Amino acid sequence: QVQFVESGGGWVQPGGSMRLSCTVSGIIFRVLDMGWYRQAPGKQREFVAMITRDGNTDYSGSVKGRFTISRDNAKNMVYLQIDSLKPEDAAVYYCNNPQRNIEHSPTFRSWGRGTQVTVSS
């Protein structure tokens with residue numbers, strides 16, 4: 001059974017930076033594409049970024065140039081470096097295995113608890 005454990009969130013001022021981490025277990029990590037999603041209050045969960053098993057990356061338009069996704073296959077971890085944070089980036093961030101479709105739909109129905117990112121001055 002695949003499990004996702006997200007960490008690294010917290011409070012940051014606009015313009016600040018943060019690094020989120022996700023540990024994956026219960027599955028062969030190195031063969032998975034991995035992605036980050038986020039959900040703000042009152043909104044649907046949305047795709048943020050993905051990294052393929054080969055290291056290719058893709059980002060949503062709203063975060064491109066500010067967010068960087070990376071992975072460490074030896075540790076079964078995926079990271080999200082968030083720079084130049086904006087108030088609209090405030091959300092709970094989750095990781096999952098994205099499908100290779102236009103929506104980057106998550107494969108697994110089970111989600112981790114996520115990690116909260118709060119952006120305010």
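Reading guide: rules and limits
Residues numbered from 1 in each chain as written. Predicted model: local features only at pLDDT ≥ 70, side-chain atom pairs only at ≥ 80, totals over all residues. Heavy atoms only, no water. Helix = DSSP H or I, 4+ residues; strand = E, 2+ residues; numbered from the N terminus. Rg over C-alpha atoms; globule rule 2.2 N^0.38 Å. Buried < 20%, exposed > 50% of the residue type's maximum accessible area, 1.4 Å probe, protein only. Contact = heavy atoms within 4.5 Å. Areas by Shrake-Rupley, 256 points an atom, 1.4 Å probe, with all protein chains shown as cover. Lys, Arg positive; Asp, Glu negative; His and termini not counted. Charge placed at Lys NZ, Arg CZ, Asp CG, Glu CD. Pairing = 2+ DSSP bridges. Axes fitted to C-alpha atoms, helices over the stretch in contact; angles between N-to-C directions.

Q: What is the right way to read the overall build of the chain from this model?
A: When helices and strands are tallied, the chain shows 0 helices and 10 strands. The helix and strand sequence of the chain, counted from the amino end, reads β-β-β-β-β-β-β-β-β-β. Over its C-alpha trace the chain gives a radius of gyration of 13 Å, about what one expects of a compact globule, namely 14 Å for 121 residues. In terms of principal-axis extent, the alpha carbons of the chain reach across some 40 × 30 × 25 Å. Out of the 121 residues in the chain, the part that is buried amounts to 44%. The contacts of the chain with a sequence gap of at least 6 include a subset with a gap of at least 24, amounting to 55%. Accessible area of the chain: about 6,500 Å², with a carbon and sulfur share of 46%. Separation between the mean location of the 14 positive side-chain charges and that of the 10 negative ones in the chain comes to 4 Å.

Q: Would you mind going over the sheet that holds strand E9 (residues 91-96) with me for this structure?
A: Picture the strands of a sheet paired through backbone hydrogen bonds; they go either parallel or antiparallel. Pairing is mixed in the open sheet, where 6 strands are placed in the order E2-E10-E9-E4-E5-E6. The open sheet has two free edges, formed respectively by strand E2 (10-12) and strand E6 (57-59), since each of these has just one partner strand. Across the sheet, the axes of successive neighbouring strands diverge by a mean angle of 25 degrees, strand direction being ignored. Across 5 bridges, strand E4 (residues 34-39) lies against E9 in antiparallel orientation. Paired with Gln39 across the bridge in E9 is Val92.

Q: What is the right way to look at the sheet that holds strand E1 (residues 3-7) in this model?
A: Pairing within the open sheet is antiparallel, and its 4 strands lie in the order E1-E3-E8-E7. Either end of the sheet is taken by a strand with one partner, and the two such strands are E1 and strand E7 (67-72). Each strand of the sheet is rotated relative to its neighbour by a mean of 20 degrees, with strand direction disregarded. Across 6 bridges, the pairing between strand E3 (residues 18-25) and strand E8 (residues 77-82) is antiparallel.

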